[in-house]
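Chain residues, written in single-letter form:
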Amino acid sequence: MAGGERPAAEATAEPAGGADVVLSPLAEFPPLSEEELALLRGIGAHWDGAAAPSGLPVDPTLGRYRHPPAPGRFGRLAPVRMFHPQRPGELVAAPPAAEDASRLGRWLTPVRRTVLGPPLSSAAVVYERMRKLVALPVLSSDLLSSVAYGPEAMFAVLVLGGTAALGLSLPIAAALIVLMIAIGVSYRQTIAAYPHGAGSYLVASDNLGPRSGLAAAAGLMMDYILTVSVSVAAAVHALVSLLPGLAPLTVPIGVLVILVLLGGNLRGVRSSGRLFALPTYLFLLALVALLAVGLAQAGARGFTPLPPPPVPAAEGVGLLLVLRAFSSGAVSMTGVEAVSNAVPVFRRPEWRNARTTLTWMIAMLVVFFIGLVLLSHLNGIVPTADETMISQLARHVFPSGPWRGLILAATALILALAANTAFSDFPRLLFFVARDGYAPRRFLHMGDRLAFGNGLMAIAVPAAVIFVVFGGQTQKLVPLYAVGVFLAFTLSQTGMAVHWWRHRGRHWRKKLGINAFGAGLAGVVLLIAAVTKFGEGAWVVVLTVPLLMLLASRIRAHYDVVRQELALRPPAGDAGPITVGPAAAPAVDDGGGEAEELPQQVRHLVVVPVARLNLASLRALAYAASLRQPIFAVHLSPEEAEAQRFRQQWQVWGDHVRLETIVSPYRAIVAPLAQYLAALHAARPDLALTVILPEVIVRRRWHQLLHSRTEHRLRQALRELPGVVVTTVPVHLSR
C-alpha cells in the first residue's frame, strides 16, 4: 500500500487543526488562510502607486558582483559568498552563513561541529527517519528497561507484609500482564486511527476537548521528566551494585549521564538511534540469557521455589497493600505512549511500521516482566537497599565468571539510555502543544541538526534538578511516577472510545470495546496510584498537572490576543494628504497609533535626541534629514546655562533643524526624555513617532562597561508606547 495509506476499515478523523501532524521546520511558518489571502489582496490593491521606486542602487541578488566583497573588520556580517542564487528573486544561504562570525563563535563552531556534527538541510527531514530495527531500541528502551525496577518496586511493597506476602507476586503480575496487553492493543488502534502521531494529547483534544488534551499533555510531560530522573537513578544504582565504591559519586554520575543523553539527542534522530541501539540489544541478550539459564536451573529441580530469607511483617496483608503493590508494578508500563507519539519519525508507511514496533515491544515486555517475577519467586529473592533484584538474580544464576558483571553493565546502560525515550518524545509532544498555541512557539523550532533543541533543554534541566534534589534514590522517585502516565492512558483510551462512537465504520463496536476496556483498566490504576501513593510524593504530580494546564491556558490566551491584534483587516480607505504643524487637526486614535497598514496612512514625525554636537550626533541628524519627513532635535540639559551654551553651538552649526531644549535640574536623562516623547505621542497619537539615536559601537565587549548605553535604556523605556519607532545610527570605533 503506497505512501502509508490506511485501509478503508481504519479511516480516521483529521488531526487537530485540520492538517496532518508533520514534524517539519514549516510548522514555524503556517500558511495564510483563504480569508487572510483575500484581505491581503485587498490591502495590496491600495498600495498601487504608493510603493517606493523599483530602481535600487545595488543588485539584491548579488549576481552583479564579479568578486564578492569581504566581510567587515567587525566580523558581524557574513561574507556574500556564503549565499548563492537559486532562482530569480531567491537566494539560498550556504552552511557557512549560519555560523557565528564573532571571535567566540569562530572558536566554538569547530567544537560544536565535532560534538553534534555538521548542519543538516531542511530537505533532510524526510531522511532523518528510522527503520524498525533502529526505532525499536530508541523507542523501547524506556518500556523494556522498566522491568529492571518495575518488578522490584512491586516486591518492595509486598515485603512490608512479611515473607508470606511475597507469594502474592504471581497473581499481581498476572493482573499486570492483562493490563499491559489491554493498553498495548488499545494503542495499536490509536496508531492506526491517528497515523500522524501525537498520542494522548491529540486523541484527547480531538475527542474530549482541549482541557482533556492539556491534562493528558501535562501528565505525559511529568512522566517524561520523571522517566529521565528515575531511569538514570536506577542506572546509577545498578552501577553501584556492581562497583560499591562509586556510591559517594551517585549524584555527579547521574548528572553526567543526563548531559551525555542531551548531547546525543542534539545530534539528531538518526545519530541518536545508531548511538543507543547497541546497548538496548545487549540488554535484551543479557535478559534472555538470565531468564533461559535461570529457568533451566529451576526446571532441573522441578520448579520448586527456594525459601526466601525470613522477613518480619511491617504491616498487615490487606487490600491496600495489594493495591499499592499493583500500582508500583504498573510503572513497568511507562513508555507505551512513546511509539504513538513518534509515528512521524518512522520510515514509510509510518503507521504500519510504528504499529509493528509497538507489538514487538509489548510482547517483549510481557515475556521479560513475567519471566523476572517468576524467576525471583523461584529463587526466593527479596529486595534489599544495597543490591538490586537483578543483581541478586544474576548472582544466583551465575555464581562465578564474568556473566553477572556483564548483565549488570548491560542493565546500567539500558537504564541510562531508557531516558532517551523521554528525550525523543518530550520535544515532539511540546511541538504538538506549541503548534496549537499552548506552549511557547520556540518549541516549534528545529536546530541545525533537525532536532528540537529547546525541547531537549526543557526536559534535561528539570530532570537533572529532580535527580539532584532526591539524591538519585530510585525508591524515592518511583512513587511520583505512575500518576502522570496513567492519566494520559485513561484520557487517550477514553478519547478513542468516543472516536469510534462518533465515526463508526467497520468493526467499530469491537474497537470501541477494546479502547473502553483499556480506559477502564487505566482509570483504575490511576485512581489506585493517586490514592495509595499520595502521601509518598504523588501529591507533587497531582498538584503540578493542573498548574501546567493553567500555564498552558494563559499562554494560549496571550497568543490569541497576539493573533487578534495582528490579524489582517480590510483597508479603511485612502488616507488624506499628510499635514504637519500646529494647525493640523488631531486625528482620531483608531488603535493607539498602530493602525497604519497603507503607506498613505503613515504620518511621520522624526525626533533626534542630541547630547552633544559630535560626529555621532551629526550622522544621526543627517540620516534623519535624508528621510525627507518633519523633523526636530531635542537636547536635555542639567541647568539653564548649559542649555544656553548648547543653543549657541547649534546656531554655529547653522540651525538646520529645529531644536527644543529640556532642562533636567535633577540630572536625569532617560526618564524626562521618555516622558517628553510620551507627551508628544499623546498629543498626536496618529503620528508615527520615529526616534533616531546615535550609538557608539566598540570593538571589545569590556569597552561597553565604559559607556552609559543611554540608547538601550531609552529603547527599553519607550517599548510600551504604541506607534513609536526607535532607530539607532551606529558609529563604529576603529580601535
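Everything discussed here concerns the structure shown above.
Bear in mind that the values here come from a model prediction, so they are computed numbers and not experimental data.

Scanning the protein chain from terminus to terminus reveals 23 helices and 7 strands. Sequence-distant contacts in the protein chain: of pairs separated by 6 or more residues, those separated by 24 or more amount to 80%. Only carbon and sulfur atoms are counted for the fraction: they give 63% of the accessible area of the protein chain, which is about 35400 Å².

A word on the sheet that holds strand S7 (residues 724-732). Read across the sheet, 5 strands follow the order S5-S4-S3-S6-S7 without closing on themselves; strand pairing throughout is parallel. On the outer flanks of this sheet lie strand S5 (658-663) and S7, each paired with one strand and no other. On average, each strand axis in the sheet is tilted by 25° relative to the strand beside it, whichever way the strands run. Alignment of strand S3 (residues 603-609) against strand S6 (residues 687-697), held across 5 bridges, turns out to be parallel. Looking at the pairing, Val 607 lines up with Val 691 of S6. On the sheet, helix H20 (residues 615-626) packs against S3, strand S4 (631-637), S6 and S7 and is oriented at approximately 130° with respect to S7. Running over the sheet, helix H22 (residues 670-683) touches S3, S4, S5, S6 and S7 and is turned about 145° from S4.

One pass over the structure, following the stated rule, counts 5 salt bridges. Here Arg 435 and Asp 436 are joined by a salt bridge, their closest N and O atoms 3.3 Å apart. The exposure class of Arg 435 is partly exposed, given its relative accessible area of 26%. Residue class for Asp 436 comes out buried when judged on its relative accessible area of 17%.

What follows covers a nonpolar patch on the surface. A cluster of nonpolar side chains, contributed by Phe 534, Trp 539, Val 542, Leu 543 and Leu 547, occupies part of the molecular surface with about 480 Å² of accessible area. Turning to its location among the elements, Leu 547 is positioned in helix H19 (residues 534-566).

Relative to each other, helix H4 (residues 150-158) and helix H12 (residues 350-378) sit at 40°, their axes nearing to 9 Å. Comparing the axis directions of H4 and H12 gives the class oblique. Every pair of crossing elements has a handedness; the one defined by H4 and H12 is right-handed. Contacts between H4 and H12 involve Pro 151, Met 154 and Phe 155 on the former and, on the latter, Phe 369, Val 373 and Ser 376. The residue inventory of the contact of H4 with H12, partitioned by class, reads 5 nonpolar, 1 polar and no charged.

So, on to the packing of aromatic side chains. Going through the model one piece at a time under the given rule, you end up with 7 aromatic pairs. With a centroid separation of 6.4 Å and an interplanar angle of 45°, the aromatic rings of Phe 398 and Trp 403 are classed as tilted. Of the residues examined, Trp 403 reaches a relative accessible area of 48% and is grouped as partly exposed. Between the aromatic rings of Trp 501 and Trp 508, the centroid separation amounts to 5.8 Å while the plane-to-plane angle is 70°, which identifies the pairing as edge-to-face. Here the aromatic residues Tyr 187, Phe 486 and Phe 489 are joined through ring pairs into a cluster of three or more. The residue whose ring lies beneath Arg 504 is Trp 501, and the NZ or CZ to ring-centre distance is 4.5 Å. In this structure, Arg 556 packs its charged tip against the face of Tyr 438, placed 5.1 Å from the ring centre.

Below, the discussion takes up the side chain of Ser 617. Mapped onto the elements, Ser 617 comes out in helix H20. A relative accessible area of 2% places Ser 617 in the buried class. If near-sequence neighbours (up to four positions away) are discounted, Ser 617 is found in contact with Val 610, Arg 612 and Pro 694.

So, how was this worked out
- Residues numbered from 1 in each chain as written.
- Predicted model: local features only at pLDDT ≥ 70, side-chain atom pairs only at ≥ 80, totals over all residues.
- Heavy atoms only, no water.
- Helix = DSSP H or I, 4+ residues; strand = E, 2+ residues; numbered from the N terminus.
- Contact = heavy atoms within 4.5 Å.
- Areas by Shrake-Rupley, 256 points an atom, 1.4 Å probe, with all protein chains shown as cover.
- Pairing = 2+ DSSP bridges.
- Axes fitted to C-alpha atoms, helices over the stretch in contact; angles between N-to-C directions.
- Salt bridge = Lys/Arg side-chain N within 4 Å of Asp/Glu carboxyl O.
- Buried < 20%, exposed > 50% of the residue type's maximum accessible area, 1.4 Å probe, protein only.
- Patch = residues over 30% accessible without salt bridge, like charges linked within 9 Å, V, L, I, M, F, W, Y side chains within 5 Å.
- Parallel < 35°, antiparallel > 145°, perpendicular 65-115°, else oblique.
- Left-handed = near helix turned anticlockwise from the far one by under 90°.
- Nonpolar A, V, L, I, M, F, W, Y, C, P; charged D, E, K, R; others polar.
- Phe/Tyr/Trp six-rings, centres within 6.5 Å; stacked < 30°, edge-to-face > 60°.
- Lys NZ or Arg CZ within 6 Å of the ring centre and 35° of its normal.

Without other data, these values stay purely geometric and don't point to any function.
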